[in-house]
Amino acid sequence: MRRAGRDSHVRHCIVTECLRSCGYRSISSPRSTAIFATIVSSEYLGSSSMSTVQRNEQELIKIEKLHELRSLGINPYPVSYDRSHHTVEIINTFRDDEPDAMSAVRVAGRIMAIRKMGKASFCHIQDVTGRIQIYLKKDDLGEAYDLLRLYDIGDIVGVEGYVFRTRMGEISVHAREFTMLTKSVTVIPVGKEEVAEDGTVTRYDAIADKEQRYRKRYLDLIANPDIKETFVKRSQIIRTIRNFFDERGWIEVETPILQPIYGGATARPFVTHHNALDVELYLRIADELYLKRLIVGGFEGVYEISKNFRNEGMDKAHNPEFTALEIYVAYKDYIWMMEMVEDLFNTIAVSACGAATIAFQGTDISFAKPFAKKKMFDLFQEYACLNLRGQSREQLLASAKSIHVDVDPSASAMKILDEIFSVKVQPHLIQPTFVMDYPVEMSPLAKAHPREEGLVERFELFIMGKEVANAFSELNDPLDQRARLEEQATIRAAGDDEAMVVDEDFLHAIEVGLPPTAGLGVGIDRLVMLLTNNDSIRDVLFFPQMRPERHKHEGE
RNA sequence: GAUCCCGUAGCUCAGCUGGUAGAGCAUUUGACUUUUAAUCAAAGGGCCUUGGGUUCGAGUCCCAACGGGAUCACCA
């Protein structure tokens, strides 16, 4: 009989909920499920924007509990809660010989586990710092204890009580009062967890499905709270970078994301449209050209940490939007920049990881100064036993073939060099290594090397075989710069849509006069991956780009 | 864009050579006043991603689509 009563009440809730969502205030008595079926299947409902959320049994029960709380005069969504301690503060500072120091604490968090034992119950609540156990006893709580039946895993509660240690040795809060702060009406995927004596946590049945973790990061953060560490570190890394630059007097600036001409890198852009101006605009692919204009204008050190957008493939190293750091400092060159990068990366590693040596996927990486410095063509000699300096395209093609590196026979000299480098050299660059002095054709914005014909003053920093930073002595010879961009335009006209576009205003700025300047770009996401031991960019972005889900019945 | 693997209850996963779906956790009901992956007993809960096909019969075999993962190509 109890069952039947409950069922009818659940149905009542379904109907009530459904009607509410249609704009009706309330209904007075339980109806049959036939009404529900009629309502949800009726044409005007299905084709309008009104809610027809399908709820499973567990959700309906939670909604029923929500209504019951309200009918008891309890607001399931109060405005605030006066918390006295975070859970970790209690666990770290509680002393068995001085329990009075914590005789009245107020904690708040999400219920992650409930163990009911009749007239006493235990639960664990989780806040941003961790978890603590709550002990609830009927003798102490009286009638309020019975309200516990309206509380579920996933609800957010406040608890007032005193701290003690249980017979099993766990520091817990003995509740004198507990308050619903947020009633959750959906089921969250929380697995049980077991904490071993050495502190290692084994989590059972926590969400493993990567798709759900990336699409519904809030659930991932609740169920796998340790991933918060990655994002806290990310924040720490960016803060360290800002502090480092600010201390040196360089200023953080903001430049346009919507650009009429895109430039500063070789990449395909996203295109958008401005209605009032009726023009195409591009989402920036790099900050470079705007930041250099600011150096022309008289700033002597500018930097920007912001999103770039590239309309290219996605994989575990590429997201369509990513965070880049660029910095330009007047009167400096790329040699100076190398030392600055050593200092910067060393400082970041120490502040984010506590040491200059970090572990990444089983390899120790040392950010101790100085980093290795190698000239690009010396590396070809070292790892491919080839002197490629000054070779023609045909010679390079033959060289590639001689060491079994597959390249498209129609590839440009630069592509061939790049391919040999990535196959033969890059995998060896595990510890931080500066690769210096690139061919001019690869670097249309870098200053010609004063002594090495055909090379520019440029370096890239490689770690774990991946490029992490790119820098050069900026090209400030206006005639040379124009010639290089026009060369790019020719390549572009020949069909390479990644080649750069001529930006006349940028060229004009260089004609006005750019002082000798060193510039640097760093991929922040990849740096964060290294320092947080993640091998997928999706694990260092809260909301990685995902293909939109199409609804199952769309179009029916 | 190419290839391979995956998609079953709220979660984690079984489901053999085709015969109308199973477990643990979670939920509900009951027992239990220091438990801890609590336990015990009972119950409810599935558009088996979608759409075709083969078949008397498809979660299972075939094709396609959608979504995810991995590898490759391009890029940071």
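Read on for an overview of the structure.

### Overview of the overall build of chain A
Next, step 1: A count of helices and strands for chain A gives 17 helices and 20 strands.
Next, step 2: Considering only intrachain contacts with a sequence separation of at least 6, the fraction spanning at least 24 residues in chain A is 63%.

### What to know about the packing of aromatic side chains
Next, step 1: One pass over the structure, following the stated rule, counts 18 aromatic pairs.
Next, step 2: Ring centres 4.9 Å apart and planes at 65° place the aromatic pair Phe 245 and Tyr 303 in the edge-to-face group. With Phe 245 in helix 9 (residues 228-247) and Tyr 303 in strand 12 (residues 301-309), this pair connects stretches of sequence that are 58 residues apart. Both residues of the pair, Phe 245 and Tyr 303, count as buried.
Next, step 3: Centroid distance Phe 434 to Phe 459: 4.9 Å. Interplanar angle 80°. Geometry classified as edge-to-face. Taken together, the residues Phe 434 in strand 17 (residues 433-439) and Phe 459 in strand 18 (residues 455-463) connect sequence positions 25 residues apart. When sorted by exposure, Phe 434 lands in the same class as Phe 459, which is buried.
Next, step 4: Joined through ring pairs, the aromatic side chains of Phe 244, Phe 245, Trp 250, Tyr 303 and Trp 336 make up one cluster.

### Section: the sheet that holds strand 9 (residues 258-259)
Next, step 1: Strand order in the open sheet made by the three strands is 9-11-10, with antiparallel pairing throughout. The open sheet has two edge strands with one neighbour each: strand 9 and strand 10 (271-274).
Next, step 2: The sheet contact formed by strand 10 and strand 11 (residues 279-283) spans four bridges and is antiparallel. The residue of strand 11 that forms the bridge with Thr 272 is Leu 281.

### Looking at the pattern of salt bridges
Next, step 1: Within this structure, the stated rule accounts for 36 salt bridges.
Next, step 2: A salt bridge links Lys 292 to Glu 288; the shortest N-O distance between them is 2.9 Å. In this pair, Lys 292 and Glu 288 both sit in helix 10 (residues 288-296), four residues apart, roughly one turn of the helix.
Next, step 3: Residue classification places Lys 292 among the buried residues on the basis of a relative accessible area of 0%.

### Describing helix 15 (residues 478-493)
Next, step 1: When the terminal C-alpha atoms of helix 15 are compared, their 22 Å separation across 16 residues agrees well with the 22 Å that a helix rising 1.5 Å per residue should span.
Next, step 2: Burial in helix 15 covers these residues: Gln 481, Arg 484, Leu 485 and Gln 488. What you see down the axis of helix 15 is that its buried residues fit within an arc of 95°, all on one side. Among the exposed residues of helix 15, those pointing more than 90 degrees away from its buried face are Leu 479, Thr 490 and Ala 493.
Next, step 3: Check the buried side of helix 15 and you find it contacts strand 18 and helix 16 (504-513).
Next, step 4: After helix 15 finishes, the residue Gly 495 shows a positive phi value of roughly 120°.

### Considerations on the nonpolar core
Next, step 1: Among the nonpolar cores identified, the biggest contains 46 residues, and Ile 241, Phe 245, Met 340, Phe 345, Phe 367, Phe 459 and Leu 520 are the most heavily contacted of them.
Next, step 2: Tallying contributions element by element places helix 11 (residues 334-353) first for this core, with 10 residues.
Next, step 3: Among the nonpolar cores identified, the runner-up in size contains 44 residues, and Val 253, Phe 380, Leu 396 and Val 425 belong to it.

### What about the sheet that holds strand 20 (residues 517-523)?
Next, step 1: Judged by pairing direction, the sheet is mixed, and its eight strands sit side by side in the order 8-12-13-20-19-18-17-16 without closing on themselves. Both outer strands of the open sheet, strand 8 (251-252) and strand 16 (372-375), are each paired with one neighbouring strand and no more.
Next, step 2: For strand 18 and strand 19 (residues 466-473), the ladder comprises six bridges, and the chain directions are antiparallel. By the bridge assignment, Ile 463 is partnered in strand 19 with Lys 466.

### So, the pairing of strand 11
Next, step 1: Inspection of the sheet shows strand 9 paired to strand 11 by two bridges, in the antiparallel sense. In the strand pairing of strand 11, Leu 258 is matched with Leu 283.
Next, step 2: Following strand 10, the chain reverses through four residues before pairing antiparallel with strand 11; Asp 278 in that reversal takes a positive phi of roughly 50°.

### A word on helix 4 (residues 57-71)
Next, step 1: Across its 15 residues, helix 4 extends 21 Å between first and last C-alpha, which sits within 8% of the 21 Å expected from 1.5 Å per residue.
Next, step 2: When we look at burial in helix 4, the residues that qualify are Glu 59, Leu 60, Lys 62, Ile 63, Glu 64, Lys 65, Leu 66, His 67 and Leu 69.
Next, step 3: Its side-chain oxygen 3.1 Å from the backbone nitrogen of Gln 58, Asn 56 forms the N-cap of helix 4.
Next, step 4: Positive phi shows up at Gly 73, right after helix 4, with a value of about 85°.

### Details of the side chain of Thr 87
Next, step 1: Mapping Thr 87 onto the fold places it in helix 5 (residues 87-93).
Next, step 2: Setting aside residues no more than four positions away along its own chain, Thr 87 makes contact with Ile 125, Asp 127, Thr 129, Gly 130, Arg 131 and Ile 132.

### Describing the side chain of Asn 224
Next, step 1: Relative to the elements of secondary structure, Asn 224 occurs in the loop between helix 8 (217-223) and helix 9.
Next, step 2: The contact partners of Asn 224, leaving out residues within four places of it in the chain, are Arg 203, Ala 206, Ile 207 and Arg 213.

### Details of the pairing of strand 15 (residues 363-366)
When a strand is regular, its side chains alternate between the sheet's two faces.
Next, step 1: Here strand 14 (residues 357-360) pairs with strand 15 via four bridges, running antiparallel. In the sheet register, Ala 359 faces strand 15, and the bridge partner there is Asp 364.

### With respect to the packing of helix 10 against helix 16
A packed helix pair is summarised by two numbers, namely the angle formed by the two axes and the spacing between the axes.
Next, step 1: The N-to-C vectors of helix 10 and helix 16 enclose an angle of 30°; their axes lie 10 Å apart at closest approach. Taken together, the axes of helix 10 and helix 16 are roughly parallel relative to one another. For the pair helix 10 and helix 16, the crossing hand works out as left-handed. Of the residues in helix 16, those in contact with Leu 289, Lys 292, Arg 293 and Val 296 of helix 10 are Asp 505, Phe 506, Ala 509, Val 512 and Gly 513.

### Some words on unusual backbone geometry
Next, step 1: Between Lys 369 and the following residue, Pro 370, the backbone shows a cis peptide bond with an omega angle of -5°.
Next, step 2: Take Pro 370: it is sitting in the loop between strand 15 and strand 16.
Next, step 3: Even without glycine at this site, Tyr 331 takes up a positive phi of about 70°.
Next, step 4: Secondary-structure assignment places Tyr 331 in the loop between strand 13 (321-330) and helix 11.
Next, step 5: For Tyr 331, a relative accessible area of 54% translates into the label exposed.

### Topic: the environment of Asp 333
Next, step 1: Tracing the chain through its elements places Asp 333 in the loop between strand 13 and helix 11.
Next, step 2: Residues Asp 333 and Glu 89, spaced 244 residues apart in sequence, show a C-alpha to C-alpha distance of 49 Å.
Next, step 3: In this structure, Asp 333 is in contact with Glu 457, Ser 473 and Ala 518, ignoring residues within four places of it in sequence.
Next, step 4: For Asp 333, the side chain forms a polar contact with the main-chain nitrogen of Trp 336, separated by 3.0 Å.

Definitions and limits used
Throughout, residues of each chain are indexed from 1 in the direction in which the sequence is written. Chain labels run from A onward and ligand labels from 1 onward, assigned in the order the entries are written. Totals for whole chains, interfaces and linings use every residue, but because this is a predicted model, local features are given only for residues with pLDDT of at least 70 and side-chain atom pairs only at 80 or more, for both listing and counting. Just so you know, side-chain values use all the structure's heavy atoms and leave hydrogens and water out. In this description a helix means any DSSP run of H or I spanning at least four residues, a strand means any run of E spanning at least two, and both kinds are numbered starting from the N terminus. Only heavy atoms enter the contact rule, under which two residues are in contact if any of them lie within 4.5 Å. Pairs were defined over the aromatic rings of Phe, Tyr and Trp, the Trp ring being its six-membered one, requiring ring centres within 6.5 Å. Orientation was assigned from the angle between planes: stacked under 30 degrees, edge-to-face over 60, tilted for the rest. For the exposure calls, accessible area comes from a 1.4 Å probe over protein chains only, and a residue counts as buried if that area is under 20% of its type's maximum, exposed if over 50%, partly exposed in between. Only when DSSP finds a minimum of two bridges between them are two strands counted as paired. By definition, a salt bridge exists where a carboxyl oxygen of Asp or Glu is found within 4 Å of a side-chain nitrogen of Lys or Arg. Expected span of a helix, by definition, is 1.5 Å for each gap between consecutive residues, and there is one gap fewer than residues. Note that the arc is computed from the directions linking the helix axis to the C-beta atoms. By nonpolar core is meant a set of buried Ala, Val, Leu, Ile, Met, Phe, Trp, Tyr and Cys residues that side-chain atoms within 4.5 Å join together. Contacts described as polar in this section are N or O atom pairs within 3.5 Å, which, within protein, must combine one atom able to donate a hydrogen with one able to accept it, while residues neighboring in sequence count only if both atoms come from side chains. Lines fitted to the C-alpha atoms define the axes, with helices restricted to the stretch that makes contact. Angles between their N-to-C directions range from 0 to 180 degrees. Throughout this description, any angle smaller than 35 degrees is read as roughly parallel, any larger than 145 degrees as roughly antiparallel, any in the 65 to 115 degree range as roughly perpendicular, and the remainder as oblique. Handedness of each helix crossing follows the sense of rotation of the near helix against the far helix: counterclockwise by less than a right angle gives left-handed, clockwise gives right-handed.

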